[in-house]
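Residue strings, one per chain:
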Amino acid sequence: MHRETARTMVAPGKGILAMDESNGTCNRRFAALGIDQTEEQRRRYRQLLVTTPGLGEHVAGAILYDETIRQTTDDGTPMPRALEDAGVLPGIKVDTGAKELAGHPGEQVTEGLDGLRERLDEYRTLGARFAKWRAVISIGDDRPSRGCVEANAHALARYAALCQEAGITPIVEPEVLMEGDHGLRTCAAVTRRVLDRVFAELRAQRVDLAGIVLKPNMVLPGCDSDERPSPAEIARATVETLGEVVPPNVPGIAFLSGGQSDLDATVRLDAMNRIFPNAPWALTFSFGRALQRTALQAWGGDPTKVEDAQRRLRHRLRVNAAAARGAYDPRMDEAA
Ligand code: 13P
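Analysis parameters
- Residues numbered from 1 in each chain as written.
- Predicted model: local features only at pLDDT ≥ 70, side-chain atom pairs only at ≥ 80, totals over all residues.
- Heavy atoms only, no water.
- Core = buried A, V, L, I, M, F, W, Y, C linked by side-chain atoms within 4.5 Å.
- Buried < 20%, exposed > 50% of the residue type's maximum accessible area, 1.4 Å probe, protein only.
- Helix = DSSP H or I, 4+ residues; strand = E, 2+ residues; numbered from the N terminus.
- Contact = heavy atoms within 4.5 Å.
- Near = heavy atom within 4 Å.
- Polar contact = N/O pair within 3.5 Å; in protein donor to acceptor, adjacent residues only side chain to side chain.
- Areas by Shrake-Rupley, 256 points an atom, 1.4 Å probe, with all protein chains shown as cover.
- Nonpolar A, V, L, I, M, F, W, Y, C, P; charged D, E, K, R; others polar.
- Axes fitted to C-alpha atoms, helices over the stretch in contact; angles between N-to-C directions.
- Parallel < 35°, antiparallel > 145°, perpendicular 65-115°, else oblique.
- Expected span 1.5 Å × (residues − 1).
- Salt bridge = Lys/Arg side-chain N within 4 Å of Asp/Glu carboxyl O.

## Description of the nonpolar core
- Ranked by internal contacts, the top residues of the largest apolar core, which has 95 residues, are Val94, Tyr159, Leu202, Val246 and Phe255.
- Tallying contributions element by element places helix H8 (residues 146-165) first for this core, with ten residues.
- The residues touching Tyr159, leaving out its near neighbours within four places in the chain, are Val94, Leu113, Leu116, Ala131, Lys132, Trp133, Pro170 and Ile171.
- Ile63, Phe130, Val213 and Ala254 belong to the second largest nonpolar core, which has eleven residues in total.

Have a look at this one:
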């Protein structure tokens, strides 16, 4: 069951909409735009996303947050049902966040394993077909440490095994952050090291690799680096790094956007699919910010702007779905 769901999640020309911001993160994005930070505004915004016309044409899944999976649209339809009706698999973020890792200043470990079996059972009854757990790894002086990489990889593997036991497909997300002045090669080396450990732990916990979706960072220079690699250079560094450590039976790799601009994320995904049309895994998107940014700004909490916001989301979905086939044309964005 988890294998079939994994294949569906990365079906050709489709990606995943990450809309699982925690209340804290969602509120911060609302505050920056002067939107009320209430449960009702968060519900209205998530309703806007899940009821976007044609959502299912370009995304195979959408990741929800605990609050959202329990909410309904205006007509009383549970959010997961609204997604199913649109032909989109509902997913759920199940980690409880990244916390300071004891003994490792500046590093974090993602928590949420305690009681996870029971929570997964409940999420399944609420309609979740897949789950997500995000580990964060930072690059800096002596970072990432061995302790940080091992703790996060172990937790990801324990989470993935519990998901598969529950018939839920795990998205395995080890994110190497963009913050820092490191270069592309450093990011490549750290990403390789982290993924190597993640796959060792997944195997040790007997996770079926054909029944997961990997959600990594693209291999990029840090935000404060002077390097300006081309989309083709980033695409090569990313796919070659992944090729060294990701087994070919993993059905799909769905990238996070991680703070890249909307256009950068799209163009780089497109370059990967153009340069590596025969990669062993599907190469697609599971973007949060790079899909939602323009829609959230257009909405701004104003009920009369819902359609405009949905048009903008639909546009980013369409261009990224094209990039997932290596068929993005910059004129698609010029015309928008
Ligand atoms: P971004 O694409 O905004 O990085 O979000 C993806 C995500 O799900 C992070 O966990």
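There's more to say after this.
## Points about the site of the ligand
- With respect to spatial proximity, 13 residues lie near the ligand, and among them Lys132, Lys215, Ser257, Gly258 and Arg289 are the closest.
- A distance of 3.5 Å separates an oxygen atom of the ligand from a polar side-chain atom of Arg134.
- Protein contacts shield 92% of the accessible area of the ligand, which totals 300 Å² for the unbound molecule.
- Along the lines of polarity and charge, the residues of the shell around the ligand split into three nonpolar, four polar and six charged.

## Focus on the packing of helix H11 (residues 262-275) against helix H13 (residues 306-323)
- Their axes nearest at 8 Å, the elements H11 and H13 cross at an angle of 25°. In terms of their interaxial angle, H11 and H13 are classed as roughly parallel. Contact with H11, carried on its side by Asp262, Leu263, Thr266, Leu269, Asp270 and Asn273, involves Arg316, Val319, Asn320, Ala322 and Ala323 of H13 and no other residues of that element.

## A word on unusual backbone geometry
- Residue Pro144 is reached from Arg143 by a cis peptide bond, and omega for that bond is 0°.
- For Asp142, which is not glycine, the phi dihedral falls at a positive 60°.
- Positioned with a positive phi, Arg206 is a non-glycine residue whose angle comes to about 60°.
- Within the fold, Arg206 resides in the loop between helix H9 (184-204) and strand E8 (213-214).

## Focus on H13
- With 18 residues, H13 extends 26 Å from end C-alpha to end C-alpha; this agrees with the ideal 26 Å at 1.5 Å per step.
- By the burial criterion, the buried members of H13 are Ala309, Gln310, Leu313, His315, Arg316, Leu317, Val319, Asn320, Ala321, Ala322 and Ala323.

## As for the pattern of salt bridges
- With the rule as written, the count across this model stands at 30 salt bridges.
- Two residues, Glu111 and Lys99, come together in a salt bridge whose shortest N-O distance is 3.5 Å. Of the two residues, Glu111 is situated in the loop between strand E5 (108-110) and helix H7 (116-125) and Lys99 in strand E4 (residues 98-100); the sequence distance between them amounts to twelve residues.
- A relative accessible area of 33% means that Lys99 is categorised as partly exposed.
- Across the salt bridge formed by Arg268 and Asp264, the nearest N and O atoms sit 3.7 Å from each other.

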